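Per-entry structural report
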Amino acid sequence: MSERYRAGLGLLLFVAGHLLLWAVLPAALGLNSPWDNIEELVWSHSLELGYYKHPPLPSWLMHGLVALAGPSPGLTFFAGSGCVAVALALMWQLGCELRDGADRPLRPTLALGAVLLCSLAAYHNLRGLYFNHNVAQLPSLAAAFLFFHRALRLGRKRDWLLLGAACGVALLTKYSALLFFASFALLLLWERRLGEARLWRGIALAAPVTLAVLAPHLAWGFAHDFPTLHYVEHSVGEMHQSNRFVNLWGFTSTQVVRLLPVALGLGLLHWLERRRNGEPGAATAGDAAPGLPAARGSDGASAATSLAARRAALLCAADRRFVLALGLGPLLITLGLALFGGMFIDSPWASMYFLFAGWLALLLWPPAAVDAGARDAGLARFAGVVLAIQLLLAVGYLLGNTVLPDRFGHRGRSNYPGAAISAAAAAAWDEDRRGPLRIVVGDTWLAGNIAIHRQPVPAVFIDGDTVKSPWVGPDDVAACGALVVIDDSQRGASGDPAGAGTLALYERTGARGVIERTWANDKLPPARLRWGVIERTPGAPRCRFD
């Protein structure tokens, strides 16, 4: 059995375990979907060329999954964790194509070790449960990294064409892909390759493919005055000078916390290596991985020289620059925009920034971790450490979203009684009298929770606003009737404040009522909503959703 085959088998086992831990288990425990997941389920009701916040690809993906399996919280967990798994598999392939200091391809087991370490970043496990445009962008970015590396090293036409396609898909997921393209440019500037004619011929091949993939969405944007760009402008805002450092501190400290599992994994691997060797220092020369010089000396200068030598042996100079530019570039650009441009930055926007976290960690401290990842026995230790940390993260997350909130009275989205509220809303609509519920009017969270638990799935008229939900309009309300819902929960984040469109439609309702359901425990105020029914208009055309 070849080493690549063994590493590939290990990767498949990792993917299966990842999906079991971060998709099957949360679904089996009955966790409700996060807000982002509900939003994607709502948008997936209709295949649009763009949505008021973002480009359309994640909603298209969710549309296909819903067509296959029906809407459910578990489906969204699978979608998010699946995107992470695909991205990490592509990063393993990229790792296999990186080259060491002697210009030899890296061992597949070492590439797998880097991916396992990368999987510890919070964005690649518990944050992967959030199926949003950040998480959905991970596979296309990983593909872009792979094809960009091949294009730079081999210069083949097909690699440039595939790079163009991957970049187009990344932009069709979220415009933040531009930060990574800027990092591509910074790498080329660093390597002084911008004057190469061959490079520009490759870019001339890739760019039209990117535009072709993006063309339908661009046409939609021009036709609708690019609501996505207005949303970006609203999201980033502009901060007062005094608030920039507060925002930067919050953003940066959050990233540090979400990368702590990677640091913990690296530290445990180093400790195990020292313990195995029975020395207070680094690994011995005889234990060093092939192609990696052993640590020598105990004084600071010798240790620093040894670390530098090991970094040089780990990756060739060109691939070290590649990892550093693409692994740190987007983060540094984001911090620069906040510090010097006054742009507001939100912590989840960094979800896509750490696909190189494993390689950056190994470059930071190569001795024990690199040795462990380069040997089969060491890879077993790598897998054991990663599995232990993943289990701790999963247990902590699941306890924090099931038993503990109910025990201590915390009302959150994960324990929101969405299914119970949906059943009560269906009873209020009275299907036997009015026929199937086709339209729910309200905010994304509340109306979405009602809709995803009904069969057939009704359309959500978000805030009664046709810009936010172009798949339904006033004529549909007249033809189909509608259930209008307004969140009146007294405490805790459940839905958004009722929009003007929702309030206007509520004033047109006839039958009205209130629904209350236990949220967390009986000692806390329940989830509470007002509902009203708009009856079908006599003489209106047949409901097109029937």
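Preceding this paragraph is the structure being described.
The paragraphs below set out a description of the structure included in this document.

Procedures and definitions
Residues numbered from 1 in each chain as written. Predicted model: local features only at pLDDT ≥ 70, side-chain atom pairs only at ≥ 80, totals over all residues. Heavy atoms only, no water. Helix = DSSP H or I, 4+ residues; strand = E, 2+ residues; numbered from the N terminus. Buried < 20%, exposed > 50% of the residue type's maximum accessible area, 1.4 Å probe, protein only. Core = buried A, V, L, I, M, F, W, Y, C linked by side-chain atoms within 4.5 Å. Contact = heavy atoms within 4.5 Å. Axes fitted to C-alpha atoms, helices over the stretch in contact; angles between N-to-C directions. Parallel < 35°, antiparallel > 145°, perpendicular 65-115°, else oblique. Left-handed = near helix turned anticlockwise from the far one by under 90°. Nonpolar A, V, L, I, M, F, W, Y, C, P; charged D, E, K, R; others polar. Pairing = 2+ DSSP bridges.

1. So, unusual backbone geometry
Note that the residue after Gln455, namely Pro456, is joined by a cis bond; omega there is -5 degrees. For Pro456, the location among the structural elements is in the loop between helix H21 (444–452) and strand S2 (459–462). Here Asp430, not a glycine, exhibits a phi torsion of approximately 65 degrees, which is positive. Looking at Asp430, the relative accessible area reads 29%, which means it is partly exposed.

2. Looking at the nonpolar core
Formed by 153 residues in total, the largest nonpolar core has its most connected members in Phe145, Phe356 and Trp359. For Phe356, the contacting residues outside a window of four places in its chain are Met91, Leu94, Phe145, Phe322, Val323, Leu326 and Gly327.

3. What to know about the packing of helix H4 (residues 73–97) against helix H7 (residues 138–154)
Look at H4 against H7: their axes get within 7 Å of each other, and the N-to-C directions meet at 15 degrees. Overall, the two elements H4 and H7 adopt an arrangement that is roughly parallel. Considering how the two elements wind past one another, H4 and H7 form a crossing that is left-handed. The residues of H7 that touch H4, namely those facing Cys83, Val84, Val86, Ala87, Leu90, Met91, Gln93, Leu94 and Glu97, are Leu138, Pro139, Ala142, Ala143, Phe145, Leu146, His149, Arg150 and Arg153. Here the residues of the contact of H4 with H7 sort into 13 nonpolar, two polar and three charged.

4. Side note on the sheet that holds strand S1 (residues 439–442)
The strands that make up a sheet pair up through hydrogen bonds in the backbone, lying either parallel or antiparallel. Ordered in space as S2-S1-S3-S5-S4, the five strands form an open sheet in which the pairing is mixed. Pairing within the sheet leaves two strands with one partner each, and these edge strands are S2 and strand S4 (512–517). If you compare each strand with its neighbour and ignore which way they point, the axes differ by 25 degrees on average. Alignment of strand S3 (residues 482–487) against strand S5 (residues 527–534), held across six bridges, turns out to be antiparallel. Following the sheet pairing, Ala482 is matched in S5 by Ile534. Strand contacts of helix H19 (residues 418–429): S3, S4 and S5, with the helix running at about 30 degrees to S5, the strand carrying the most contacts.

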